[in-house]
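Fold and contact review
Next come the chains, spelled out residue by residue.
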Amino acid sequence: MSSNTQPITIGVLALQGAFEEHQRSIESITSTNLIRTTQIRTPEQLANIDGIILPGGESTAMGLIGDSTTGLWDALRHFIRSGKPTWGTCAGMILLAERCVGTSAVITEGQSLIGGVDILVCRNYFGSQISSFEMGTPAPPRPAVSIEGLVDNDDDHVRPFPG
């Protein structure tokens, strides 16, 4: 890293879920201090980052925690609208959706969303998380995890992805 190069700081939303795993993955891609990560739990912490990752976990829990954290959801919406890089995986993608359908036993007024990505997410389309499973796979033998599955969006009809 040259003396003129500033490190990039990537925030990882750390309300619930796989935030530590995302941090380790990002930090493992560089042997220099060019990329740093930090956990984000408050609106004020967003001012010190160049991009953010919303990790996988439980979108219901993240929504409930995020809504109760004063100003966090509004600050995240402003951060995303500013054009800074934003990436959501699994539950993070649900939070980034503009629209969401699907139910939860603890959500009475719909999933709390941050928005920013013009997509419709179907929560639990293939069943709840209890329906997820792990299985062995051939060559190379290592575990695989299915979380709800893939969806093929054909015009206005959403159906399970063929395969």
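For the structure itself, look to the data block above.
Described in the following lines is the structure provided in the data block. (Residues numbered from 1 in each chain as written. Predicted model: local features only at pLDDT ≥ 70, side-chain atom pairs only at ≥ 80, totals over all residues. Heavy atoms only, no water.)

Within helix α2 (residues 59–68), burial applies to S59, T60, M62, G63 and G66. The buried residues of α2 occupy an angular sector of 165° when projected down its axis, which confines them to one face. (Buried < 20%, exposed > 50% of the residue type's maximum accessible area, 1.4 Å probe, protein only. Helix = DSSP H or I, 4+ residues; strand = E, 2+ residues; numbered from the N terminus. Arc of directions from axis to C-beta.)

Next up on the list: the environment of I119. Tracing the chain through its elements places I119 in strand β6 (residues 117–122). Overall, the relative accessible area of 27% leaves I119 in the partly exposed class. Distance from I119 to E98, taken between C-alpha atoms, is 5.8 Å for residues 21 residues apart in sequence. If sequence neighbours within four positions are ignored, I119 has contacts with M93, A97, E98 and R99. (Contact = heavy atoms within 4.5 Å.)

Strand order in the open sheet made by the four strands is β2-β1-β3-β4, with parallel pairing throughout. Each edge of the open sheet carries a strand with a single partner, namely β2 (35–40) and β4 (86–88). Neighbour to neighbour, the strand axes of the sheet diverge by 20° on average, direction disregarded. Sheet topology note: the strand β1 (residues 8–13)/strand β3 (residues 51–54) ladder contains three bridges and is parallel. Among the inter-strand pairings, V12 is bridged to a residue of β3, identified as I53. Strand contacts of helix α1 (residues 19–27): β1, β2 and β3, with the helix running at about 170° to β2, the strand carrying the most contacts. (Pairing = 2+ DSSP bridges. Axes fitted to C-alpha atoms, helices over the stretch in contact; angles between N-to-C directions.)

This part takes up the nonpolar core. One finds L13, L46, I52, L54, W73, L76 and I114 to be the most contacted residues of the largest nonpolar core, which totals 18 residues. When residues of this core are traced back to their parent elements, those giving at least two are β3, α3 (72–81) and α4 (91–96). Element by element, the count of residues in this core is highest for α3, at six residues. For I114, the contacting residues outside a window of four places in its chain are L54, W73, L76, R77, I80 and L95. Core analysis: the next-biggest nonpolar cluster, separate from the first, contains six residues, I10, V12, A14 and I26 among them. (Core = buried A, V, L, I, M, F, W, Y, C linked by side-chain atoms within 4.5 Å.)

The next subject is the environment of Y125. Along the chain, Y125 turns up in the loop between β6 and β7 (133–137). On the basis of relative accessibility, which here comes to 30%, the residue Y125 falls in the partly exposed class. Y125 sits 23 residues away from G102 along the chain, and the two C-alpha atoms are 7.4 Å apart.

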